[in-house]
4 protein chains.
Amino acid sequence: MCAIVGVINSKNASTYAYYALFAMQHRGQEASGISASDGKGIKTIKAKGEVNQIFNPLNLKSLNGEIAIGHNRYSTAGNSSIDDAQPIYANCSFGDISLVHNGNLVNKNEVREFLMQCGAIFQTNLDTENLIHLIARSKEQDLKDRLIEGLKKCIGAYCFMLASKDKLYVIRDAYGVRPLSLGRLKDGGYIIASETCAFDLIEAEFIRDVKAGEMLIFTQGNDNFESIQLFNEKPRICAFEYIYFARPDSIIEGKSVYEVRKKLGETLAKKFDQKIDFVVPVPDSGVSAAIGFSQYLKIPLEMAIVRNHYVGRTFIEPTEELRNFKVKLKLNPMSKVLKDKEIVVIDDSLVRGTTSKKIISLLRAAGASKIHLAIACPEIKFPDIYGIDTPTFEELISANKNIKQVKEFIDADSLTFLSIDELVSSIGNERSYSLVSFDGDYFIK
Amino acid sequence: MCAIVGVINSKNASTYAYYALFAMQHRGQEASGISASDGKGIKTIKAKGEVNQIFNPLNLKSLNGEIAIGHNRYSTAGNSSIDDAQPIYANCSFGDISLVHNGNLVNKNEVREFLMQCGAIFQTNLDTENLIHLIARSKEQDLKDRLIEGLKKCIGAYCFMLASKDKLYVIRDAYGVRPLSLGRLKDGGYIIASETCAFDLIEAEFIRDVKAGEMLIFTQGNDNFESIQLFNEKPRICAFEYIYFARPDSIIEGKSVYEVRKKLGETLAKKFDQKIDFVVPVPDSGVSAAIGFSQYLKIPLEMAIVRNHYVGRTFIEPTEELRNFKVKLKLNPMSKVLKDKEIVVIDDSLVRGTTSKKIISLLRAAGASKIHLAIACPEIKFPDIYGIDTPTFEELISANKNIKQVKEFIDADSLTFLSIDELVSSIGNERSYSLVSFDGDYFIK
Amino acid sequence: MCAIVGVINSKNASTYAYYALFAMQHRGQEASGISASDGKGIKTIKAKGEVNQIFNPLNLKSLNGEIAIGHNRYSTAGNSSIDDAQPIYANCSFGDISLVHNGNLVNKNEVREFLMQCGAIFQTNLDTENLIHLIARSKEQDLKDRLIEGLKKCIGAYCFMLASKDKLYVIRDAYGVRPLSLGRLKDGGYIIASETCAFDLIEAEFIRDVKAGEMLIFTQGNDNFESIQLFNEKPRICAFEYIYFARPDSIIEGKSVYEVRKKLGETLAKKFDQKIDFVVPVPDSGVSAAIGFSQYLKIPLEMAIVRNHYVGRTFIEPTEELRNFKVKLKLNPMSKVLKDKEIVVIDDSLVRGTTSKKIISLLRAAGASKIHLAIACPEIKFPDIYGIDTPTFEELISANKNIKQVKEFIDADSLTFLSIDELVSSIGNERSYSLVSFDGDYFIK
Amino acid sequence: MCAIVGVINSKNASTYAYYALFAMQHRGQEASGISASDGKGIKTIKAKGEVNQIFNPLNLKSLNGEIAIGHNRYSTAGNSSIDDAQPIYANCSFGDISLVHNGNLVNKNEVREFLMQCGAIFQTNLDTENLIHLIARSKEQDLKDRLIEGLKKCIGAYCFMLASKDKLYVIRDAYGVRPLSLGRLKDGGYIIASETCAFDLIEAEFIRDVKAGEMLIFTQGNDNFESIQLFNEKPRICAFEYIYFARPDSIIEGKSVYEVRKKLGETLAKKFDQKIDFVVPVPDSGVSAAIGFSQYLKIPLEMAIVRNHYVGRTFIEPTEELRNFKVKLKLNPMSKVLKDKEIVVIDDSLVRGTTSKKIISLLRAAGASKIHLAIACPEIKFPDIYGIDTPTFEELISANKNIKQVKEFIDADSLTFLSIDELVSSIGNERSYSLVSFDGDYFIK
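Chain A is annotated in an unreviewed UniProt entry as Amidophosphoribosyltransferase of Campylobacter novaezeelandiae. Among the UniProt annotations of chain A, the heading Function (unreviewed entry) holds the following wording: "Catalyzes the formation of phosphoribosylamine from phosphoribosylpyrophosphate (PRPP) and glutamine." According to the UniProt record, the Catalytic activity (unreviewed entry) comment for chain A is "5-phospho-beta-D-ribosylamine + L-glutamate + diphosphate = 5-phospho-alpha-D-ribose 1-diphosphate + L-glutamine + H2O".

With that settled, consider the relation of the copies chain C and chain D. With an RMSD of 0.0 Å, the fit of chain C onto chain D corresponds to turning through 180° and sliding 0.0 Å along the axis. In the structure described here, the two chain copies are related by an operation that fits a two-fold rotation axis. Among all residues of chain C, the one whose C-alpha sits closest to the rotation axis is H309 of chain C, at a distance of 3.5 Å. Residue by residue, 100% of the interface of chain C is reproduced at the interface of chain D, so both copies engage with the same surface.

Residues and elements named next belong to chain D. Where helix 9 (residues 257–271) contacts helix 10 (residues 287–297), the two axes come as close as 6 Å, and the packing angle between them is 50°. Classified by the angle between their axes, helix 9 and helix 10 sit oblique to one another. The handedness of the crossing between helix 9 and helix 10 comes out as right-handed. Between helix 9 and helix 10, the residues in contact are Y258, R261, K262, G265, E266, L268, A269 and K270 and S288, A289, I291, G292, F293, Q295, Y296 and L297, respectively. Among the residues making up the contact of helix 9 with helix 10, the classes are represented as eight nonpolar, four polar and four charged.

On to the UniProt feature "active site" (unreviewed entry) in chain A. Listed under "active site" (unreviewed entry) in the UniProt record, and renumbered for this structure, are C2 of chain A. Judged by relative accessible area, which is 3%, C2 of chain A ranks as buried.

With an RMSD of 0.0 Å, chain A superimposes on chain D once it is rotated by 180° and translated 0.1 Å along the axis. When you check the interface residues of chain A against chain D, 100% turn up at the interface there too, and the contact is symmetric in its surfaces.

This next bit is on the packing of aromatic side chains. Following the criterion strictly, the structure yields 64 aromatic pairs over all chains and no others. Seen in terms of ring centroids, F218 of chain B and F225 of chain B are 4.8 Å apart; in terms of plane orientation they differ by 35°. Their pairing is tilted. A relative accessible area of 28% places F225 of chain B in the partly exposed class. With 4.9 Å between their ring centres and 80° between their planes, Y175 of chain C and F443 of chain C make a pair best called edge-to-face. Here Y175 of chain C, found in the loop between strand 8 (167–172) and strand 9 (181–184), pairs with F443 of chain C, found in the segment after helix 17 (436–439); they are 268 residues apart in sequence, far enough to count as distant. Looking at F443 of chain C, the relative accessible area reads 10%, which means it is buried. Linked through ring pairs, Y18, Y19 and F55 of chain A together with F325 of chain B together constitute an aromatic cluster. The ring of F231 of chain B has K152 of chain B sitting right over it, with the charged end atom 5.6 Å from the ring centre. Cation over ring: R236 of chain B sits above F443 of chain B, and NZ or CZ is 3.9 Å from the ring centre.

Okay, the interface of chain C and chain D next. Contacts between the two partners involve 61 residues from chain C and, on the opposite side, 62 residues from chain D. Buried surface at the junction of chain C and chain D, summed over both partners, amounts to about 5300 Å²; 58% is from carbon and sulfur atoms. Where chain C packs against chain D, one counts four salt bridges. E302 of chain D serves as the salt-bridge partner of K262 of chain C, at 2.3 Å between the closest nitrogen and oxygen. Inspection of the region where chain C meets chain D yields 25 residue pairs in polar contact (both at pLDDT 80 or more). At the level of elements, helix 1 (13–23), helix 3 (57–62), helix 7 (197–201), helix 9 (257–271), helix 10 (287–297), helix 11 (325–330) and helix 12 (335–338) of chain C are the ones that each hand at least two residues to the side of chain C that touches chain D. Examining the composition of the side of chain C that touches chain D, we find that six residues originate from one element, helix 1 of chain C, more than from any other. Tallied by class, residues from the side of chain C that touches chain D come to 29 nonpolar, 16 polar and 16 charged.

On to the environment of S250 of chain A, then. Residue and element names in this part refer to chain A. Looking at the secondary structure, you find S250 in the loop between helix 8 (239–245) and strand 15 (251–252). Residues S250 and V327 lie 77 residues apart in sequence; the distance between their C-alpha atoms is 28 Å. With residues near it in sequence (within four places) discarded, S250 still touches E195, T196, C197, K255, S256 and V257.

Charged atoms that come close allow side chains of opposite charge to pair. All names here are of chain D. For the structure shown, the criterion picks out 96 salt bridges over all chains. Across the salt bridge formed by D223 and R184, the nearest N and O atoms sit 3.1 Å from each other. Remark: R184 occurs in strand 9 (residues 181–184) and D223 occurs in the loop between strand 12 (214–219) and strand 13 (225–229); sequence separation between them is 39 residues. Residue classification places D223 among the partly exposed positions, given a relative accessible area of 40%. Note on R184: relative accessible area 24%, which makes it partly exposed.

Cut-offs used in this document
- Residues numbered from 1 in each chain as written.
- Chains lettered and ligands numbered in written order.
- Predicted model: local features only at pLDDT ≥ 70, side-chain atom pairs only at ≥ 80, totals over all residues.
- Heavy atoms only, no water.
- UniProt positions renumbered as here; feature names shortened; annotations may be inferred.
- Least-squares fit on C-alpha atoms with pLDDT ≥ 70 in both.
- Contact = heavy atoms within 4.5 Å.
- Axes fitted to C-alpha atoms, helices over the stretch in contact; angles between N-to-C directions.
- Helix = DSSP H or I, 4+ residues; strand = E, 2+ residues; numbered from the N terminus.
- Parallel < 35°, antiparallel > 145°, perpendicular 65-115°, else oblique.
- Left-handed = near helix turned anticlockwise from the far one by under 90°.
- Nonpolar A, V, L, I, M, F, W, Y, C, P; charged D, E, K, R; others polar.
- Buried < 20%, exposed > 50% of the residue type's maximum accessible area, 1.4 Å probe, protein only.
- Phe/Tyr/Trp six-rings, centres within 6.5 Å; stacked < 30°, edge-to-face > 60°.
- Lys NZ or Arg CZ within 6 Å of the ring centre and 35° of its normal.
- Buried area = accessible area lost by both parts, 1.4 Å probe.
- Salt bridge = Lys/Arg side-chain N within 4 Å of Asp/Glu carboxyl O.
- Polar contact = N/O pair within 3.5 Å; in protein donor to acceptor, adjacent residues only side chain to side chain.

This is the structure:
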């Protein structure tokens, strides 16, 4: 999960890209970057850290030009390098290009291996670099044709944006697994972004979602744009965008993320059969579902866990072992509210189970007498190779334990998940979804 | 409003002070500092910025010793200097001392003037410096007597903590306007902090609140502490601590801040007579009251305004005038949810009216058909000189307009405040409160 | 040894102060600061580090006003605090003042003790703070009279500059131990600085040295200035200014520092009786004397030790013990030049002997067959309490060993010092000097 | 001109590389980087700035492994990007490699163009990237053979070092234009560096220079190394290494740089026929030659221009136009010494003439009555395309003006250059030199 943005035909292209990245900061805090094309060359600024730390009026001003693309990189577990920040710039036989990517290519290793055998060198660990090499090696004349040829060799869930001297190419994968929306700026320019929440801040007007398998080609100074349908698969947006990734105020494929989450909570409530005093969300991830849950059952919602938003990246470790310290840095249950109460805790997902176990431990210490846990999605039994850097089978608790065993591990009084069918019907039966984490159907081949 | 903390009899005194300041970061983000006393001298580290930015394992380690005091400074409008960060250290005839202060001395100018006439020099703009001079000039032998003499000349709402070579002095003002609580650390040391939320992170046990007019004297290595009742006024805790300042998970004078805020929302609901589809809190300030409001009326709560928590201190200004840009950086209303709805917006207070006006403007643009505003406190008609840096009469909208005029200014369909009586009865009739912002009763003279 | 500067009647007062501090950076790299007075108040910026790191166009612009004073703080061994940076600002009964100080008050502890007994508090470790307290406590009406009364109680070697709302007071101590010169800026303003090298960069015209015991009073907007002779002692400029402290291109009391150093080398050459192949200076401290030495004896000078000027403040320690590593970081002898040669090494002074010992060790390793050491000043036998932070008796090698013993300790083939008489006659017999480090005549009482 | 270093068979490989880069900081202050290979993978840290600013004990520790290569990048005029810092890392079909380069490839554009036509993408502006692509595209199996094939296609003056999983490849160009020396560390490892001054700090023993056209192959854990003579041209070391680039304490091809520079000064003195009072070097560039000049003529040397070594990268511009400000920031002539004197100023080279013009202007203002300029090298009439980023024909004053015209432009009373023959005979007639800047013989084709 990352965020990408592209802007064209705006004198403030890089500034709008910056605002959009700021609005989509939740999709990645590890690194950010923006490339701007001024018709002559492409300049790029990228670094580790949050958007607000990397950009300032001075360096943003140096990113002049009417085309800009930007990227927020998701925090990954391993040791990452500045070389893995995006956009990736390349000088090729046909000129300068810069590329951003949100998604994951499932055949990345095979393609990389093939390209390396052909003499390609890789300066990053990013699968994004594959596409640049494929474009560069294509025998086609036109950049568009090179790009199409390259894309046909990239299997996976992805959104790409490519800036050249005077064009912006926007591509969404065959199934439309990752979201991508098109909007129009107040100054007449176009903006394309991973989430519609990016449009609100800059008063861009939502036009439509980019279609699954569609490529859009914008030309500098030209208000018309070309649309090419590269693939014709049945769309399957990633269900996790609704469940967890997206900001609640974004609209994905016409559906409000907030309303979908409420519906997930409502569906969860329908099958929940424990007696409780009130509903407690894990802030902020479980709030929307908890509201739906609470409204359906007409049982009060209480913000009985308080979140500290000042938590930064590094923190001084406790000198003696304070229990559950890292969770407590963020979350504090209120014993005054919880004392001797029977509650249900709502969260959006349960991955490794370790954080849930700690939260339940904190709630017990705060005096709650019964703690039920209800998760607003199904059991996660398979790694999501269409997202990015998901846990392995070994780490996924539901891939290794049944519900009863998980309940015991996390020490909950009861544990409720949605079924896959309940998930799908809650989002809406009218279309298909990418559900790999739940059903292991790795449909992109 | 600032945060203060004191620790004694712990080998990790400065580390515990650091954690406590982190937990109380909401009370001030402009500057922070910690002094530690190791029985020989006092070392101080202070700087502008947040706790997490200022301290690191290395500099925290240099603050060794079993006594520590710390301070978070509230962000003020004017241009502040590093010299105005606390603690303030002084080398005096009776040794080194260091002082932190939360509150405001109403006679600060008179005392400062008097002290300067006597030859005192002031190196900061802080009223805190007054007390150090008074202590230094006292003819008493003992530091305790010097301190008491000095305090008797300081009129205002304050909590002070003073660290010396081997003692920690803790004082709460005559009326107990500012909160202060005493706890015990797991390693046997004592901790005193502005809010009890600081205790939770470090698993300190709450012992009791420091009493209005009480001075506590702790001696390094001694598990007993002395309590002296300096003043005997009827306690009047600042109502704003419940309304706005404190974290919802803190307990002030035995009352859960979260529960008081819910009660304020409930009281507001009782008098609210408009027809609405749902209740919308201004996040995060209005959430607790909105829950109480919603529960009482059995009208759904919707998180229809989403908050972006990544907003930092500096931000690149929009190149063209985007409407309500600064508010939108933090708050985004969801048009999908709000479209054609009649809503009530709940906030904790209404000061200048400018932010509320912008929020309502955003909500209208998002499609809400009727927007009622309900404020979970009375009209603020008087500057709170017992807090710090409050707006002037000219800036306080309710000091200059009646409710109808304010309603028109902010363009709400209706506007509801609590009365002072409703505020008091919601917190609890059993005791008195400092209500200066509402009734103008400047009782500390 | 520190650097101070004052500017008045210039629209660019703080910028000129900045340039002057930059030119005098050699007198102190630990901290710097500038105060500017704009007729209403005084603003101060100070921090640890070098001038170039602390100031930028933005913060310098905020130091507006036509009066500015500045300070470079000398690097001291112990752990210093930001609180010990200058200028020191104070708000007093008679208004804002800001003070800078170069020198040392020998009765600082007594005065501080006295002031503390009177109730003064000290927020720094600087003796500079004494004078502010004395001014503040004076019963005189006028700031000038307060200042004079305060100065009469300060015994020591000092230069002070004090900025008020509209005046700049400049004081040199009774004996003129520390240097101070007056110049005129191209825009008509005045500048007063520790060394004349500060004038060259900004094309200020040297007017004259401030006299020993003289106070100058400048008034904003007034081209005339008042001169008051506070003391009438026989002037005794510190000989170390010529030997070591000052930049060679400065003129002190009419004498070129470079030419004095050459003369010291020449006098040293006259008594030097060893056979040598060439003369090697320790760069950069011994270069001027080595030129004089070489010219007198007509023996070639060779820059056989190369200095690395990139050495910063912190450095990564060698993983295994490399011999004389810290000296080698700065100084590298050329074995190609030194192999089998008999040389004399010239340095400006010999304090602890440890560095000289290491340099000689490096020169031997580089192949020099005989290494004579000649020091262009007498043996340092007494701490210089009129400077700042000089080594103690225990640390001064010549206070504890005779020349033969020192020669053996540092492993030189011979060791030559100047006598005190030779030092004095080399600088010039026509006046007296402060020679405390050599003769222990602590004449300021 | 850059600096490179390679270390193998040392547990502290990256630390030694760091020290060596520090010692060679004069060859480039714009950016630095180190790659370390631990037998599994290669880690790289690189950034803009000086070595001391980029590396710290923590990040250096992360560069573990017994092979390390490092690079200092020379400050270039244009706006440079972090992407242009070295080493350049690449993941290829045959594993990870990392590469550093000092020099310039004259056919870089042709090779880059060819490679791009083959589908290669370039992520930097560095010609270094060419070699990586050539290696990657080679059909040879072995890395050594790939490297040799690539090198045969690179025409220019270069030193390369390539680190792989377990090998270090070191190559000096066919003519040996750029210097490169081999040494042995105290712990038994090998070190290869651009200059021998790097060996002195870490007590490495000089073994021999790498030969022109030689490739050395070191294998991790193996004390023997392989030497392959790739090319058999007559060596032509760059004369500018002696004249300007190298540190005076380095030994290049058996000759002391310091002694060569003295000899250049001596040769200059032989043809100098003006009457002068003394010799003045431009510090630090002209000092060595001035010593030789002075010794030959037995005319005194005076350090009459003082250099301020605190000059950093950025500086606050003067508010009004101070004449020759940027030169004065570094250099200050002493009027006390220069007044009414006839002098010769010695510098190592004269490129654009602008700085010399300003220095002469400053010396005249300081009172010198006659100012002769003597340059310790011939007229620079051709861009040095074997170095890096040299001025164009248009910028080189001697490419556009004869000596008389240059003398008039810089306003000197006389101007003396060495002839090319004098340059060559001063360094030593026994071998050939690269003299492109002087004779335009671009012999590498």
